[in-house]
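Residue-level listing of the chains:
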Amino acid sequence: MNRTRHDAGGAMPLGDSIRPTIEALPHSPIATIADYGHGRPGIIPLWFGEGDLPTPEPISEAGIRAIRDGHVFYTYQRGLPRLREALSAYLGRVHDVPVPVERITVTSSGMTAIMKTMQTLVDPGDEVAIVSPVWPNIVNAVRVMAGVPVEVPMHLGNQGWTLDVERLFAACGPRTKAIFVNSPGNPTGWIMERGDLRRVMDFARSRGLWVVSDEVYSRLVYDRPAAPSFLEVAEPEDRLIVVNSFSKNWMMTGWRLGWMVAPEWLGPVLENLVQYSTSGTPAFVQEAGIAALEEGEPVVADLVARCRAGRDLVCAALERLPRLRLTCPPGAFYVFFRVEGETDSVALARRLIDEVAVGLAPGAAFGSGGEGYLRLCFAARHDRLAEAVDRLARALG
Ligand SMILES: Cc1ncc(COP(=O)(O)O)c(C=O)c1O
């Protein structure tokens, strides 16, 4: 391959100068649709995974104060000790398990935590078994490392989305390095119950596999205070990495703050990876994170109440449309619904923008099982959601 790209600097060789794995990374269909719809008059954008409210006061104030107080220098690679202590206390409180500070590494977002995990575990050709439909960044983080994502499909039935864990185990072969579970799941809202968490952990332990658990939606659940965590069923030395984020629970998507929990012995390895990538997370951002953990429970409670009402409004309206197939999700903040007779979700998402100015994420973004589906984020103002579902009824009814 010796293609060239012409730009202001002249012809640049492509393909023979960068890693083919990187050149082959797909563009996210979610971004394609957002680019298509951005700026359209009257558009109601529900394509991304974030709410429409700014970060609440006690949290944003802590960040602003920290900048004013001069917290603008290089800092601890694995995170401010006070933030790591606050995370340890938070995890102990929410999951009722001790998580010592030594196991915790602060990262510049959940996505960075996922990428660090893949950098740590995945050599070229290694396989990662991933429960799907799934957020595309996870699959592509494996690909960045020249690893091979192996999707294990869930099933949508009358009981909602379910995973047959035997299928997950059957997908693990000699090249498998890790099992990736995102519960509560994006886009489905599916929650893996504690019995299955235990079975997956036991299976991984017996095979010497890693479990990577993406728990960024762990507090966005509607039938209990928090989703069960792998931390509750694992031993401290188990090959388990839990990735998490401040983005969703505390409405901090733009702050870029997350964390990882790993076996203690992995700490120095992760410290190196932080050093050689971001060289630490801004201290003033971390100060906001401390405020979120120490003062942010009302923020989480308000967000969950708002999302529950948004979910109920959207589900009730969409369930009335005969062509749609959906289940009201127990977690996360998305409704992921199938439109009977539709086989090209990108074309359908474009049509909805053109005809009724509603922006949804196309199901094709979420793996092979997602085609024919659309994802709607209901973390939005209720009058906007009501208007959006009215418009969808016109286009899809
Ligand atoms: C399943 C899942 N994991 C991780 C993330 C990353 O969140 P962030 O990078 O904003 O912390 C997201 C964001 O949408 C997500 O949906």
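What counts and what doesn't
Residues numbered from 1 in each chain as written. Predicted model: local features only at pLDDT ≥ 70, side-chain atom pairs only at ≥ 80, totals over all residues. Heavy atoms only, no water. Buried < 20%, exposed > 50% of the residue type's maximum accessible area, 1.4 Å probe, protein only. Helix = DSSP H or I, 4+ residues; strand = E, 2+ residues; numbered from the N terminus. Pairing = 2+ DSSP bridges. 1 Å grid on protein atoms, 1.4 Å probe; cavity = no way out; pocket = protein on both sides within 12 Å on 5 of 7 lines; lining within 4 Å. Points joined across faces, edges and corners; volume = space filled by probe spheres on them. Nonpolar A, V, L, I, M, F, W, Y, C, P; charged D, E, K, R; others polar. Near = heavy atom within 4 Å. Polar contact = N/O pair within 3.5 Å; in protein donor to acceptor, adjacent residues only side chain to side chain. Areas by Shrake-Rupley, 256 points an atom, 1.4 Å probe, with all protein chains shown as cover. Sits in = over half its atoms within 2 Å of the grid points. Expected span 1.5 Å × (residues − 1). Contact = heavy atoms within 4.5 Å. Salt bridge = Lys/Arg side-chain N within 4 Å of Asp/Glu carboxyl O. Domains from an automatic or database assignment. Buried area = accessible area lost by both parts, 1.4 Å probe. Axes fitted to C-alpha atoms, helices over the stretch in contact; angles between N-to-C directions. Phe/Tyr/Trp six-rings, centres within 6.5 Å; stacked < 30°, edge-to-face > 60°. Lys NZ or Arg CZ within 6 Å of the ring centre and 35° of its normal.

## With respect to the pairing of strand β17 (residues 373-377)
With five of its five residues buried, β17 lies for the most part within the structure. Side-chain alternation along β17 places Tyr-373, Arg-375 and Cys-377 on one buried face and Leu-374 and Leu-376 on a second face that is also buried. Bridging between strand β14 (residues 334-339) and β17 involves five bridges; their strand directions are antiparallel. The partner of Phe-336 across the bridge, within β17, is Arg-375. Across two bridges, strand β16 (residues 361-362) lies against β17 in antiparallel orientation. Across the sheet, the residue bridging to Pro-362 is Leu-374, located in β17.

## Points about the layout of surface pockets
By volume, the largest pocket amounts to about 500 Å³. Every residue lining the largest pocket is counted, 27 residues in all, and those nearest its centre are Gly-49, Trp-135, Asn-137, Lys-248 and Arg-256. The set of elements that each furnish at least two residues to the lining of the largest pocket consists of α2 (29-37), α5 (110-121) and α6 (136-144). The class makeup of the residues in the lining of the largest pocket is 12 nonpolar, 10 polar and five charged.

## What about empty space enclosed by the protein?
With the rule as written, the count across this model stands at one cavity of 30 Å³ or more. By volume, the largest cavity is sized at about 50 Å³. Residue lining of the largest cavity: Val-131, Pro-133, Val-134, Met-154, Asn-182, Gly-185, Asn-186, Thr-188 and Trp-190, and that is the complete set. Residue composition of the lining of the largest cavity, grouped by class: five nonpolar, four polar and no charged.

## Comments concerning the site of the ligand
Around the ligand lies a shell of 14 residues, among which Gly-110, Asp-214, Ser-245, Ser-247 and Lys-248 are the nearest. Between the ligand and the protein, one listed contact pairs a nitrogen atom with a side-chain N or O atom of Asp-214 at 2.5 Å. Tyr-217 places a side-chain nitrogen or oxygen 2.8 Å from an oxygen atom of the ligand. Out of a free accessible area of 400 Å², the ligand has 94% covered by protein chains. The cavity where the ligand resides is the largest pocket. Of the residues forming the shell around the ligand, the biggest block, three residues, is contributed by α5. In the shell around the ligand, the residues fall into five nonpolar, six polar and three charged.

## Focus on helix α11 (residues 297-319)
Side chains three or four residues apart in an α-helix point the same way, a direct result of the helix having 3.6 residues per turn. Between the first and last C-alpha of α11 there are 32 Å, a value that for 23 residues agrees with the 33 Å anticipated at 1.5 Å per step. All of the buried residues in α11 are Val-299, Val-300, Leu-303, Val-304, Arg-306, Cys-307, Gly-310, Arg-311, Val-314, Cys-315, Ala-317 and Leu-318. Looking at the packing, one finds that the buried side of α11 touches α3 (57-68), β13 (324-325), β14, β17 and α13 (382-396).

## Thoughts on the pattern of salt bridges
Using the criterion set out here, one finds 19 salt bridges in the structure. Arg-219 is paired through a salt bridge with Glu-297; the nearest N and O atoms lie 2.8 Å apart. Of this pair, Arg-219 sits in the loop between β10 (210-214) and β11 (240-245) while Glu-297 is found in helix α11, placing the two residues 78 residues apart along the sequence.

## Some thoughts on the domain arrangement of the chain
The domains assigned to the chain are domain 1 (3-54 + 298-396) and domain 2 (70-295). Taken over C-alpha atoms, the centre of domain 1 sits 23 Å from the centre of domain 2. In this assembly, 34 residues from domain 1 lie in contact with 34 residues from domain 2. Interface of domain 1 and domain 2: buried area, both sides summed, is about 3,000 Å²; carbon and sulfur atoms make up 64% of it. Connecting domain 1 to domain 2 are zero salt bridges. Taken together, the links from domain 1 to domain 2 amount to 13 residue pairs in polar contact (both at pLDDT 80 or more). Elements supplying a minimum of two residues to the side of domain 1 that touches domain 2: α1 (20-23), α11, β14 and β17. Among the elements that take part in the side of domain 1 that touches domain 2, α11 stands out by supplying eight residues, more than any other.

## Re the sheet that holds β17
Taken in spatial order, the four strands of this open sheet run β13-β14-β17-β16, and their pairing is antiparallel. Each edge of the open sheet carries a strand with a single partner, namely β13 and β16. Where α11 meets the sheet, its contacts fall on β13, β14 and β17, and the angle it forms with β14 comes to roughly 10 degrees. Lying on the sheet, α13 is in contact with β13, β14 and β17; it crosses β17 at an angle near 160 degrees.

## A look at the packing of aromatic side chains
What the rule picks out here adds up to 15 aromatic pairs. Ring centres of Tyr-217 and Phe-333 lie 5.6 Å apart, and the angle between their planes is 80 degrees; on these two criteria the pair is classed as edge-to-face. Within this pair, whereas Tyr-217 is found in the loop between β10 and β11, its partner Phe-333 is found in the loop between β13 and β14, the two being separated by 116 residues in sequence. Of the two residues, Tyr-217 and Phe-333, neither departs from the other in class, the shared state being buried. Here the aromatic rings of Phe-333 and Tyr-334 are separated by 5.1 Å at their centres, their planes lie at 75 degrees, and the arrangement is edge-to-face. We classify Phe-333 as buried; its relative accessible area is 2%. The structure contains a cluster of three or more aromatic residues connected by ring pairs, namely Tyr-90, Phe-246, Trp-250 and Trp-259. In this structure, Arg-40 packs its charged tip against the face of Tyr-36, placed 4.6 Å from the ring centre. The ring of Tyr-36 carries the charged tip of Arg-350 above its face, separated from the ring centre by 5.1 Å.

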